[in-house]
Amino acid sequence: MELRHLTYFARVAEAGSVSGAAAMLHMTQPSLSRQIADLERELGHRLFERTADGMVLTAAGRGLHEHVAVVFAQLERIPEVVRTFGAGQEIVRLGLPPGVPHEWFLAVIAALEASLPHVALSLVEASSDEQQNLLRNGLIDVGLLHVQPPDLGCAPVLTQELGVAVPPDSPLGDRPSIRFSDLDGRRVMAHASGEITSEEARLRSASAAAGVHTHWMFRRFSVHSELIAVSSKVEAALMTEASARRNLSGWRWVPFMERDATGRDLAVVTWAAWRPPARATTTTLVQVLGATPWSPG
């Protein structure tokens, strides 16, 4: 297998047809079909289902397509790797999920420059689930996860209080704190989709244990969160203060004084995770992450 085979595979997956991919690659259709057949034969799995509508990825094909995207991303970093090591530095690949406060991480960078001057960070944006796969495959050195991984080395490095962001005209904005009872019957947006897979069940069970009926809407928070909230007539959004400032800047953030059904605080904990055994650089990096203070201010 050569890199070109993976390129051919990725183009067919993106185009959804051999003819479309062949046009992009400036190849003939029969030649591209042979290359895909050779790749399937070498891997021992069918990667595509041939249908009347085109080429559809099989389960094996979807797995390979996800992995190939990571491989190509690593290839794009080759100039960065050469430049960094050529300057006598060591690259540490660090996963960065949504919801990490920018101010806190800027303070981490400053602390690392003092503690590990020979290290250059290479940041990889990915969800917690995606980072666990990257760690297991050796594609990042340290991940910042919003869940505690069961089979990786890990240490908690950041805890963010959970609160409720409400529109400027909401009567809840004048409260010193908000409880589940204040959300009874309201449409509430929370962050879970594609990032914190266990959070949806946790919030649903906690609100049910409090005896309230909340209309949950789970979304991945992004720069479009306010547009989604307004168009969906959301009355409150459960999120950290840093996320509220970044994604719902015109809304009022109020602390959420509740616990989940097991009695734990409803807080967002960020874990630094690595694949054992940890290198000395990894150990120092995790120590710096855990020692860097954070206050929303």
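Our subject is the structure that appears above.
What counts and how
- Residues numbered from 1 in each chain as written.
- Predicted model: local features only at pLDDT ≥ 70, side-chain atom pairs only at ≥ 80, totals over all residues.
- Heavy atoms only, no water.
- Salt bridge = Lys/Arg side-chain N within 4 Å of Asp/Glu carboxyl O.
- Buried < 20%, exposed > 50% of the residue type's maximum accessible area, 1.4 Å probe, protein only.
- Pairing = 2+ DSSP bridges.
- Helix = DSSP H or I, 4+ residues; strand = E, 2+ residues; numbered from the N terminus.
- Contact = heavy atoms within 4.5 Å.
- Patch = residues over 30% accessible without salt bridge, like charges linked within 9 Å, V, L, I, M, F, W, Y side chains within 5 Å.
- Areas by Shrake-Rupley, 256 points an atom, 1.4 Å probe, with all protein chains shown as cover.
- Expected span 1.5 Å × (residues − 1).
- Phe/Tyr/Trp six-rings, centres within 6.5 Å; stacked < 30°, edge-to-face > 60°.
- Right-handed = clockwise from strand over helix to strand, strands pointing away.

(A) The pattern of salt bridges, seen in detail. Applying the stated criterion to the full structure yields 13 salt bridges. With its nearest N and O atoms 2.9 Å apart, the salt bridge here joins arginine 4 to glutamate 2. In this structure arginine 4 comes out as partly exposed when scored by relative accessible area, which is 35%. A residue is classified by how much of its surface remains accessible, and glutamate 2, at 44% relative accessible area, is partly exposed.

(B) Region of the structure containing the pairing of strand β6 (residues 153-166). The sheet contact formed by β6 and strand β11 (residues 267-274) spans eight bridges and is antiparallel. Across the sheet, cysteine 154 pairs through a bridge with alanine 273, a residue of β11. When β6 meets strand β9 (residues 236-240), the two strands line up antiparallel, connected through four bridges. By the bridge assignment, leucine 162 is partnered in β9 with threonine 240. Sheet analysis places β6 next to strand β10 (residues 252-255), joined by four bridges and oriented antiparallel. Paired with valine 164 across the two strands is valine 254, which belongs to β10.

(C) Expanded view of the environment of valine 234. By secondary structure assignment, the location of valine 234 is in the loop between α9 (225-231) and β9. Once residues lying within four places of it in the same chain are set aside, the contact partners of valine 234 are Pro167, Arg187, Met189, Met217, Ala229 and Trp251.

(D) Highlighting a nonpolar patch on the surface. On the surface, Leu3, Leu75, Ile78 and Val82 cluster together into a nonpolar patch covering about 330 Å² of accessible area. Relative to the helices and strands, leucine 3 resides in helix α1 (residues 3-15).

(E) Broad picture of α1. Its 13 residues place the ends of α1 18 Å apart at the C-alpha level, agreeing with the 18 Å of an ideal helix rising 1.5 Å per residue. On its buried side, α1 packs onto α2 (18-25), α3 (29-43), β1 (48-51), β2 (54-57) and α4 (59-76). One or two steps after α1, the chain reaches glycine 16, where phi turns positive at roughly 75°.

(F) Geometry of the packing of aromatic side chains. Under the counting rule described, the total for this entry stands at four aromatic pairs. Judged by centre distance (5.4 Å) and plane angle (50°), the ring pair of phenylalanine 9 and phenylalanine 48 falls under tilted. Separated by 39 residues along the polypeptide, phenylalanine 9 in helix α1 and phenylalanine 48 in strand β1 bring together distant segments of the chain. Classification of phenylalanine 9 by relative accessible area gives buried; the value is 0%.

(G) Expanded view of the pairing of strand β3 (residues 90-96). Most of β3 sits out of view: six of its seven residues are buried. For β3 and strand β4 (residues 119-125), the ladder comprises seven bridges, and the chain directions are parallel. Pairing of glycine 95 across the sheet is with valine 124, part of β4. Handedness of the crossover joining β3 and β4 through helix α6 (residues 102-115): right-handed. In this structure, β3 lies alongside strand β5 (residues 142-145), joined through two bridges in parallel fashion.

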